[in-house]
Amino acid sequence: MASEPSSDLKVVFGSCPEPLCGLRRRVNFNMILGIPTKSRSPPIRFESLCNTSYRGHSLHKKVGVWDIQLTRSCLGAPWMPCIMVVTYRNNRLVPAIVISACLWGIYHLVDVKIPNESYHTVILPDWRTPPSQVGHDVDLDPHSHPTTTAWSPPPAVQTPDPTKSPNGKPKDSTLAPEDVLLIMKTGYTSLWKRLLIHLTTSLSPDRIPQPNSVIYSDAPSTIGTFNIIDALENTTHTLKSNHPDFEIYRQQPLYNSHNAYVEAAGIEGDNFGPAGGWIIDKYKFVPLMQHAGRNYPDAKWYIYMEDDTYLFLTNILAYLSKYDWRKSHYLGSFAGKSDVIFAHGGAGFVISRGAWERSFGQNDKMAADYEEYTAAHCCGDQVLGHALNKYGVKFGENNGDERFTWGFNPVVHWRFGFEKWNWCEPLLSWHKVHSRDVARYYQLEQEWDFEKDGPIRHGDFAERVILPELRARNNRAEWWDNMSGVWQVSSGNKNDPPGPQGKGYDEGKWKKAWGSVGDCEEACKSWGDCVQWSWVEDLCKMDNKFMMGQGYAPAMMERKTALKRTSGWLTDRLEGWKCA
């Protein structure tokens, strides 16, 4: 009969072939130690070791007459040396030997230091979804903070002060970003195409603290730390379930569940989404303004924008500084429809807390009351204007005089008509902008020294963004339409062409303007106020407004289907528009 081993201790050093917890087979420790299989020490399962609690870097378990000790490296790090100590349970000399052997092995063979990396786990916030009960306003906190745990803390990251513009603010500005709520409206069919660029520009923490911004859509979503609220969540059940306008609202979840992506990403899975997103867009205006006022009562101003709008926020804060937020103010770009004067939604607009209290503060069911009216009219900004007017809140800069002079612009910069009267006025917004435009506008703001140079004016924008491109083309471009049009001379009216009152131009050159590109340019030069012209076939157009316009790139199909138009600018004449 085989005898027991002459040595009571066996220390095995080696590399773990895989984590012990992953092994699912019997291992006979008697065989490992060279003991006959008939010994009283039974085979064991490694997984039984994995269920044994341990402290520090080792695991200890008794199996039969054997003590089994494993270092931490054996418990789940197959790339580290493995130390396994098996001792006979009744030997009194073994503990001292085991401890000495382990210390020697750890010191010489095991590097327990973590590599030069910071291992940390980020736990995303558990956003609350809007309640489904009809008749109760969504009351979400869209600004939770993620929890971060780490083995070793990452180095501190220097972030800009979220309460300050990177280059100060105009001297006469008394408002801070913390004084306002910046409202962004988007939609299911445009969110992934337009909103993302705004998260790092318009809603960047160096412009506006995140607790001072909110995003509304027609479907709830979460992007990083931004919680997007469904503005239509509290719309009555009857309207959402039965009205044909809400068919798109009912279809949206089905696109998500079928892996159809409304993103225009140019990859498999792309889809245009349900048609008619603009139909339910009009239903968002009154509910979102009601929700914003209720959930952000400390805001002095509610500044509204859309996902194809860019607001020059530092300029707007300076502009609003001259108004009393406690009073009723409704400011933006003039618009009129259905016998209502209102602020154009796409250009952006502002409502004071005083105006909110005077209207929504007097009727906590405003959104429900206006569902029927909204269904019967085309536009949400007009509906909001009607609701405000009903409670005495009128549009306009001078106590509701229904006028607005400059700043909030309902067009993109290359379609805007720069003139002498607006050249020196502060720029507040552009509309119909693309993501590339947003990036350029944001960069301009980052580079502008507001404290030294004051607000960005329309002329400043033209000098920094538009004029360099035109001068690089020598102030002339083929296959380009700069949208000139104040005066038009063609072969059909050459004998008595229309012209500026009081003359001020060369009549001979004017009548010949239709003949060629050169004739058109000469006619423009003969008119003292002309700053640009365009010519196509037998038509010359001249203008005293400065517009950039748009062209056809060489590979575009329009160059094969349209007549070539040539445009030119007299940019030297803009020197006379310079601000004091």
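Above this text is the structure in question.
This report concerns the structure included in the present document. These numbers come from a predicted model, not from an experiment.

Quick notes on the rules
- Residues numbered from 1 in each chain as written.
- Predicted model: local features only at pLDDT ≥ 70, side-chain atom pairs only at ≥ 80, totals over all residues.
- Heavy atoms only, no water.
- Helix = DSSP H or I, 4+ residues; strand = E, 2+ residues; numbered from the N terminus.
- Buried < 20%, exposed > 50% of the residue type's maximum accessible area, 1.4 Å probe, protein only.
- Contact = heavy atoms within 4.5 Å.
- Areas by Shrake-Rupley, 256 points an atom, 1.4 Å probe, with all protein chains shown as cover.
- Disulfide = S-S within 2.5 Å.
- Axes fitted to C-alpha atoms, helices over the stretch in contact; angles between N-to-C directions.
- Parallel < 35°, antiparallel > 145°, perpendicular 65-115°, else oblique.
- Nonpolar A, V, L, I, M, F, W, Y, C, P; charged D, E, K, R; others polar.
- 1 Å grid on protein atoms, 1.4 Å probe; cavity = no way out; pocket = protein on both sides within 12 Å on 5 of 7 lines; lining within 4 Å.
- Points joined across faces, edges and corners; volume = space filled by probe spheres on them.
- Pairing = 2+ DSSP bridges.
- Core = buried A, V, L, I, M, F, W, Y, C linked by side-chain atoms within 4.5 Å.
- Left-handed = near helix turned anticlockwise from the far one by under 90°.

What to know about the overall build of the chain
Counting its regular elements, the chain contains 20 helices and 26 strands. Split into buried and exposed, the 580 residues of the chain put 47% on the buried side. In the chain, the proportion of contacts linking residues at least 24 apart, taken out of those at least 6 apart, comes to 66%. Summed over all atoms, the accessible surface of the chain reaches about 29,500 Å², with 52% contributed by carbon and sulfur.

Quick word on the state of the cysteines
Across all of its chains, the model carries four disulfides by this definition. Between the sulfur of Cys378 and that of Cys379 lies a disulfide, 2.1 Å long from S to S. The sign of the S-S torsion, about -80°, decides the handedness of the disulfide formed by Cys378 and Cys379: left-handed. In this structure Cys378 comes out as partly exposed when scored by relative accessible area, which is 39%. Residue Cys524 pairs covalently with Cys530 via a disulfide, S to S 2.0 Å.

Things to note about the packing of helix H8 (residues 285-295) against helix H13 (residues 380-390)
In contact at an axis separation of 8 Å, H8 and H13 are set at 55° when each is read in the N-to-C sense. Relative to H13, H8 is oriented oblique. Contacts from Phe285, Val286 and Met289 of H8 reach H13 at Gly380, Asp381, Val383 and Leu384. For the contact of H8 with H13, the class distribution of residues is five nonpolar, one polar and one charged.

Quick word on H8
Counting buried residues in H8 gives nine out of eleven residues, a clear majority hidden from the surface. Among all positions in H8, only Phe285, Val286, Pro287, Leu288, Met289, Gln290, His291, Ala292 and Gly293 are buried.

Brief notes about the layout of surface pockets
When its volume is computed, the largest pocket comes out at roughly 660 Å³. Sorting the residues of the lining of the largest pocket by element identifies helix H4 (191-199), helix H6 (247-257), helix H7 (277-281) and H13 as the ones contributing at least two each. Broken down by element, the residue count for the lining of the largest pocket peaks at three residues, all from H7. Residue composition of the lining of the largest pocket, grouped by class: nine nonpolar, twelve polar and twelve charged.

Considerations on the pairing of strand E24 (residues 539-543)
The buried fraction of E24 is high, at four of five residues. Pairing analysis gives four bridges linking strand E22 (residues 487-490) to E24, with the strands arranged antiparallel. When the sheet's bridge partners are listed, Trp487 is paired in E24 with Met542. One ladder, built from five bridges, connects strand E23 (residues 532-536) with E24; its direction is antiparallel. Of the residues in E24, the one forming a bridge with Trp535 is Cys540. The loop that links E23 with its antiparallel partner E24 comprises two residues; one of these, Glu537, has a positive phi angle of about 60°.

Examining the sheet that holds strand E20 (residues 476-478)
Taken in spatial order, the five strands line up as E20-E26-E23-E24-E22 in an open sheet, and their pairing is antiparallel. On the outer flanks of this sheet lie E20 and E22, each paired with one strand and no other. Each strand of the sheet is rotated relative to its neighbour by a mean of 15°, with strand direction disregarded. With respect to the sheet, helix H19 (residues 517-526) is in contact with E20, E23, E24 and strand E26 (566-569), its orientation differing from that of E23 by roughly 155°.

With respect to the nonpolar core
Ile183, Met289 and Ile303 are the most contacted members of the largest nonpolar core, which has 66 residues in total. Those residues in contact with Ile303 that sit more than four places away from it in its chain are Val180, Leu181, Leu182, Ile183, Leu311, Leu313, Ile316, Leu317, Leu320, Phe349 and Val350. Among the nonpolar cores identified, the runner-up in size contains 31 residues, and Trp423, Val433, Ala477 and Phe546 belong to it.

Considerations on unusual backbone geometry
Although it is not a glycine, Ala264 adopts a positive phi angle of roughly 55°. Relative to the helices and strands, Ala264 resides in the loop between H6 and H7. For Met483, which is not glycine, the phi dihedral falls at a positive 60°. By the element assignment, Met483 lies in the loop between strand E21 (480-481) and E22.

A look at the packing of H4 against helix H15 (residues 435-447)
Packing of H4 against H15 leaves a shortest axis separation of 9 Å and a crossing angle of 15°. Viewed along their axes, H4 and H15 adopt a mutual orientation that is roughly parallel. Crossing handedness for the pair H4 and H15: right-handed. Here Lys193, Ile197 and His198 of H4 come into contact with H15, specifically with Ser435, Val438 and Ala439.

So, the side chain of Asn315
For Asn315, the location among the structural elements is in helix H9 (residues 313-320). On the basis of relative accessible area, Asn315 is assigned to the buried category, the value being 2%. Setting aside its immediate chain neighbours within four residues, Asn315 contacts Pro426, Leu427, Leu428, Phe450, Pro455 and Ile456.

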